[in-house]
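Each chain is listed here by its residues.
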Amino acid sequence: MTTRSRATGTATDSVSWTGANARRLARQHLHRPDAAATASPVASPCAAVAAMLGAHAQVLSAAELSVGLRGDGLTRTDVRTALWTDRTLVKTFGPRGTVHLLPAADLPLWAGALSAVPTGTNPLPKDARMTPDQVEAVVVAVADALTGAELTIDELSDEVVARTGPWAGDLVMPGFQTMWPRWRQVLHLAGHRGALAYAPNRGRKATYTNPGCTPLPGPGALAALIERYLRAYGPATPAHFARWLAAPKPWAAERFAALAAAGSIEEVAFADEGPAWVVAGDTVFPASPVRGVRLLPYFDAFAIASQPRARLFPGAAYERALAGGQAGNFPVLLVDGVVAGVWHLRRSGRRIAVTVEPLEPLPPAALRALREQVERVAAIMEGTAELTVGPVTVGPHA
């Protein structure tokens, strides 16, 4: 093993879990390895979202917390201003086909990369599916209908059916205890093509618009996205990347092999995972483990993307804070960089009531740090904090 000492860590071709976890947290602006480190809280929502490679925004309040916890004095108002007024953020369909906040400046890259990801097997019955020509017709119809407009889903549906044909409106797609029109199965694909993004709500109804994005060419965009992913979450394997993006594993392995052949990424030995990859030359990792307490909300990018998952969710945390191995379904308590409990938030007016359920009793220093985190959560949500530390939880049904 070759090593090269640095002020903030060590360059190496063998990476421990401790070093990888500390660097990921630092690059997520969730941890400073030491006083000289450059990783500090970011000053803008856009920078925070870029650092985590998109903020999961199916529940916008969770995305606001993910952004605010990485920022310096950021609040939910700052996130909403960036999204709806300054338009430096875009709410659209991102990795795994789920709703994310993405930097507007990066949207051509995201659209180019996501458009190039192979689609999996359509789970719908054969008579509910769409032909490739129908898919293309719907995406074009969505793009045209939303250009210069902000439409609700029902208004957009009427426009798509009018521009394509009655077949697009057939109620064949199950959705939330009802049936949706056929064309809705490619709504996320229109987002991936850069033809659709969310616009401000009209009352309680979501609206959509065309963000006017021209996707970058797929191969170059994919290469850039893989490198960004590895800088944020490396070392990682092709299987890790495939899981994060909901892409086929063999396809991801081919992309990594091509980048390795080009010298863009390099192999390292990583913990129990064996061979893994980092961006070429990006082999400096913090020498010290993570210390301290953090709260992360539902579907936080760090909890979802960090692998191996059993290391981030050790012991009882794997059962308590995951849903069948899937991360994100519970807000998590991090102690010294790993999941050590779950927490819940309830808002009533300005009152932000936070209940934390640790897996083991917290020592006094950790309780003090936890109170600071709860105060920060309340500040981001523009409310007043109230903390309850619940009973220690030790199992999935505790």
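Quick notes on the rules
Residue positions within a chain follow its written sequence, with the count starting from 1. Local features in this predicted model are restricted to residues whose pLDDT is 70 or higher, and side-chain atom pairs enter the listing and the counts only when it is 80 or higher, whereas totals over whole chains, interfaces and linings include all residues. For side-chain calculations, the full set of non-hydrogen atoms in the structure is used, while hydrogens and water are omitted. Put simply, DSSP marks the helices as runs of H or I at least four residues long and the strands as runs of E at least two long, and each gets a number from the N terminus on. Throughout, exposure labels follow a simple rule: accessible area from a 1.4 Å probe, protein chains only, divided by the maximum for the residue type, with under 20% read as buried, over 50% as exposed, and the rest as partly exposed. Stacked, tilted and edge-to-face are the three classes assigned to paired rings of Phe, Tyr and Trp, where Trp is represented by its six-membered ring and a pair needs centres within 6.5 Å; plane angles under 30 degrees give stacked, over 60 edge-to-face, the rest tilted. For a ring to carry a charge above it, either NZ of a lysine or CZ of an arginine must fall within 6 Å of the ring centroid while also lying within 35 degrees of the normal to the ring plane. We define a salt bridge as a side-chain nitrogen of Lys or Arg found within 4 Å of a carboxyl oxygen belonging to Asp or Glu. Should any heavy atoms of two residues lie within 4.5 Å, those residues are considered in contact. Each pair of strands is called paired provided DSSP finds at least two bridges between the two strands. With axes taken as lines fitted to C-alpha atoms, and helix axes fitted only over the stretch in contact, angles between N-to-C directions fall between 0 and 180 degrees. Put simply, angles under 35 degrees are roughly parallel, angles over 145 are roughly antiparallel, angles from 65 to 115 are roughly perpendicular, and the rest are oblique.

Novice: When you look at the environment of Asp300 in this model, what are you seeing that I'm missing?
Specialist: Position of Asp300 among the secondary structure elements: in the loop between strand S15 (293-296) and helix H12 (301-305). Classification of Asp300 as buried rests on a relative accessible area of 1%. It is 27 Å that separates the C-alpha atoms of Asp300 and Pro364, two residues lying 64 residues apart in sequence.

Novice: Can you walk me through the packing of aromatic side chains in this structure?
Specialist: Each aromatic ring pair is characterised by the separation of its centres together with the angle its planes make. Under the defined criterion, the tally for this structure stands at nine aromatic pairs. For the pair Phe93 and Tyr198, a centre-to-centre distance of 6.2 Å together with 40 degrees between the ring planes defines the contact as tilted. Of the two residues, Phe93 is situated in strand S5 (residues 89-93) and Tyr198 in strand S10 (residues 197-202); the sequence distance between them amounts to 105 residues. Each of the two residues, Phe93 as well as Tyr198, counts as buried. Residue placement shows Arg184 over the ring face of Trp180; its charged tip is 3.9 Å from the ring centre.

Novice: Would you mind going over the pattern of salt bridges with me for this structure?
Specialist: For the structure shown, the criterion picks out 16 salt bridges. Here Glu64 makes a salt bridge to Arg80, at a shortest N to O gap of 2.7 Å. Here Glu64, found in helix H3 (residues 60-68), pairs with Arg80, found in helix H4 (residues 76-85); they are 16 residues apart in sequence, far enough to count as distant. Given the relative accessible area of 0%, Glu64 is considered buried. Here Glu382 and Arg76 are joined by a salt bridge, their closest N and O atoms 3.1 Å apart. Note that Glu382 is positioned in the loop between helix H15 (364-380) and strand S19 (384-389) and Arg76 in helix H4, a separation of 306 residues in sequence. A relative accessible area of 26% places Glu382 in the partly exposed class.

Novice: Teacher, can you tell me more about the environment of Leu187 here?
Specialist: Relative to the elements of secondary structure, Leu187 occurs in helix H8 (residues 187-192). Taking relative accessible area as the criterion, Leu187 reaches 8% and is therefore assigned buried. In this structure the C-alpha to C-alpha distance between Leu187 and Phe256, which are 69 residues apart in sequence, comes to 29 Å. Once residues lying within four places of it in the same chain are set aside, the contact partners of Leu187 are Phe93, Ile153, Leu156, Leu196 and Tyr208.

Novice: Could you clarify how one ought to interpret the sheet that holds strand S13 (residues 274-279) in this entry?
Specialist: The strands making up a sheet associate through backbone hydrogen bonding, with each pair oriented either parallel or antiparallel. The three strands are arranged S3-S12-S13 in an open sheet whose pairing can be described as mixed. Since the sheet does not close on itself, it has two edges, and those belong to strand S3 (14-15) and S13, each with one partner. Sheet analysis places strand S12 (residues 265-270) next to S13, joined by six bridges and oriented antiparallel. The partner of Glu266 across the bridge, within S13, is Val278.

Novice: When you look at the packing of helix H9 (residues 218-233) against helix H10 (residues 238-245) in this model, what are you seeing that I'm missing?
Specialist: Where H9 meets H10, the axes come as close as 12 Å, and the angle between the chain directions of the two elements is 105 degrees. Between H9 and H10, the interaxial angle falls into the category roughly perpendicular. Within the contact between the two elements, H9 uses Leu225, Ile226 and Tyr229 and H10 uses His240, Phe241, Trp244 and Leu245.

Novice: When you look at the sheet that holds S5 in this model, what are you seeing that I'm missing?
Specialist: Taken together, the three strands give an open sheet; going across it, the order is S4-S6-S5, and neighbouring strands pair in antiparallel fashion. The sheet is open, and its two edges are formed by strand S4 (55-56) and S5, each paired on a single side. Here S5 pairs with strand S6 (residues 99-103) via five bridges, running antiparallel. By the bridge assignment for S6, Val90 is matched with Leu102.

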